[in-house]
Amino acid sequence: MNLNQVFASQGTTVFTVMSALAVEHGAINLGQGFPDVDGPEAIRRLAAERLIDGPNQYPPMTGIPELRQAVSRHNKRFYDLDYDWQSEVIVTSGATEALSDCIMALLNPGDEAIVLEPFYDCYLPQIEQTGATVKAVSLKPPQWSIPEDLLEAAFSDKTKLVVLNSPMNPASKVFTGEELSVLARLLEKYDAYAVCDEVYEHLTFDGRKHVPLASLPGMRERCLRIGSAGKTFSLTGWKVGYISGPEALINVVSKAHQFVTFTTCPALQYGVAHGLEMEEDYFTGLASELEGKRDFLRQTLEGIGLPVLPCDGTYFMTADIAKFGFNGSDYDFCKHITANAKVAAVPMSVFYHPSSQAKPNNLVRFCFCKKDNVMAEAAERLNGFFG
Ligand code: PMP
Ligand code: GLN
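Because the structure is a prediction, the values reported are computed rather than measured.

Q: Help me understand the nonpolar core, please; the structure alone is not making it clear to me.
A: Counting residues in each nonpolar core, the largest one holds 122 residues, and the members touching the most others are L151, L213, F233, L301 and F366. Excluding residues that lie within four positions of it along the chain, F233 makes contacts with G39, P40, I43, Y242, V272, G275, L276, M278, Y282 and F283.

Below you can see the structure in the form of structure tokens.
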């Protein structure tokens, strides 16, 4: 059988593997990133009413007008970005679909796409299945700064796009204005595009503000900006995403979307439209609540002797296990603590290109978007095991 090489060669994602292992061992799951409290009740009620009252047939292919208008207004309100809701915004079934649509719409076989390593797991297969080649530029912990020389060296006349994930999963990095400017300069110089995975746009800490690459001079025409209701409203199971970009790009992205899913559940779209219009304090409240959980996890990990890396945003914190002198890989360590400490985590090495020279063996990602009592129980278990 000669099946598709990209997908036939894939394993099961680390999130699925570690979540199953957590269930098997009765472990607290700080591996896969999802909150254990559902997002705002008003959003869920509105969607529930729509589910009962309808409409429940195919909504417009690019999304219901109410949600596209809300995405457009959200872009203006938070970033002063102008996108025409009819021609420059489309709704997708999650950011995963949005990424796939954008990547398929931009790449031809033989093109090159740059990713910053460590990178979210779906980028590599999504790019490779188009026949394009991935060039990974490794960022170095603990600061994960963009190395201008290495980034420029990765560009060539075949470079079609860069995937930028800020705030960044798994490194918890929010790229600085300076780093974004470096990328902007190179995109212009090499006439390339950016697929901007901004699903954690509202989850930034210590007063940091998310800055979309699209808001830099000249960048609006080169960027496809992706958001997700999963992260912004703690509704990861809903799979409602949205893309904003210039009409010329969105036109082709919508052609990919129409043959991948065509549409997204209308009732959920009504709920998310309401969410995006919520008052500012919802968005700031979400970030400050998570910031408290981050600080608690940091104290816990440092308390058992694990140094942690900076965490500017997202659901995740990285710990350095080198000092433990654990005999095995980061993956083995995660399996070990899942089975024995009864707390699951995710190894950082899975977020690297298979042939990467930079793959670490000493970094482990913990998720902190869990109820306070769950975080406290996880702390107790880790203390009991390592303390
Ligand atoms: N990008 C990143 C960086 C993510 O962490 C995730 C997972 N939540 C996604 C995209 C996918 O988002 P969605 O669940 O909306 O498909
Ligand atoms: N984005 C989530 C994480 O990084 C997981 C999403 C998934 O399971 N595909 O943990």
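Q: Explanation requested: unusual backbone geometry in the structure shown.
A: Look at the link from E117 to P118: it is a cis peptide, with omega at 10°. On the secondary structure map, P118 appears in the loop between β3 (112-117) and α6 (123-128). That bond from P141 to P142 is cis: its omega, 5°, falls within 30 degrees of zero. With respect to the helices and strands, the residue P142 is situated in the loop between β4 (133-138) and α7 (148-154). In this model, K342 sits at a positive phi of 65°, which is unusual for a non-glycine residue. Locating K342 in the fold gives a position in the loop between α13 (330-340) and β10 (343-344).

Q: Would you mind showing me how to read the site of ligand 2 here?
A: All residues in the neighbourhood of ligand 2 are listed as F15, Q32, G33, Y120, N169, Y200, F316 and R365. Measuring from a nitrogen atom of ligand 2, one finds a side-chain N or O atom of Y120 at 3.3 Å. Here ligand 2 has 300 Å² of accessible area as a free molecule, and 80% of this is covered by the chains.

Q: What's the story with the pattern of salt bridges in this structure? I'm lost.
A: Opposite charge on two side chains permits them to pair, given that their charged atoms come into close proximity. Enumeration over the complete set of coordinates arrives at 22 salt bridges. One salt bridge connects R185 with E148, and the closest N-O pair in it is separated by 2.8 Å. Linking R185 in helix α8 (residues 177-189) with E148 in helix α7, this pair joins segments that are 37 residues apart in sequence. The salt bridge partner of E201 is R225, with a shortest N-O separation of 3.1 Å. Residue E201 is found in the loop between β6 (193-197) and β7 (223-228), and its partner R225 is found in strand β7; the two are separated by 24 residues along the sequence. The class of R225 is buried, set by a relative accessible area of 4%. In the salt-bridge network here, residues are joined through shared partners; they are D206, R208, R294, D295, R298 and D312.

Q: What is the right way to look at helix α10 (residues 247-260) in this model?
A: In an α-helix, one turn spans 3.6 residues, which is why side chains three or four residues apart end up on the same side. Between its terminal C-alpha atoms α10 stretches 20 Å, which fits the 20 Å expected from 14 residues at 1.5 Å a residue. All buried positions along α10 are accounted for by L249, I250, V253, S254, A256 and H257. All buried residues of α10 project into a common sector of 160° when viewed along the axis, lining one side. Facing away from the buried side of α10 by more than 90 degrees, the exposed set consists of A248 and F259. As for α10, its buried residues are in contact with β2 (89-92), α5 (94-106), β6, β7 and β8 (241-244). Count one or two residues on from α10 and you reach F262, which has phi positive near 75°.

Conventions we followed
Residues numbered from 1 in each chain as written. Chains lettered and ligands numbered in written order. Predicted model: local features only at pLDDT ≥ 70, side-chain atom pairs only at ≥ 80, totals over all residues. Heavy atoms only, no water. Core = buried A, V, L, I, M, F, W, Y, C linked by side-chain atoms within 4.5 Å. Buried < 20%, exposed > 50% of the residue type's maximum accessible area, 1.4 Å probe, protein only. Contact = heavy atoms within 4.5 Å. Helix = DSSP H or I, 4+ residues; strand = E, 2+ residues; numbered from the N terminus. Near = heavy atom within 4 Å. Polar contact = N/O pair within 3.5 Å; in protein donor to acceptor, adjacent residues only side chain to side chain. Areas by Shrake-Rupley, 256 points an atom, 1.4 Å probe, with all protein chains shown as cover. Salt bridge = Lys/Arg side-chain N within 4 Å of Asp/Glu carboxyl O. Expected span 1.5 Å × (residues − 1). Arc of directions from axis to C-beta.

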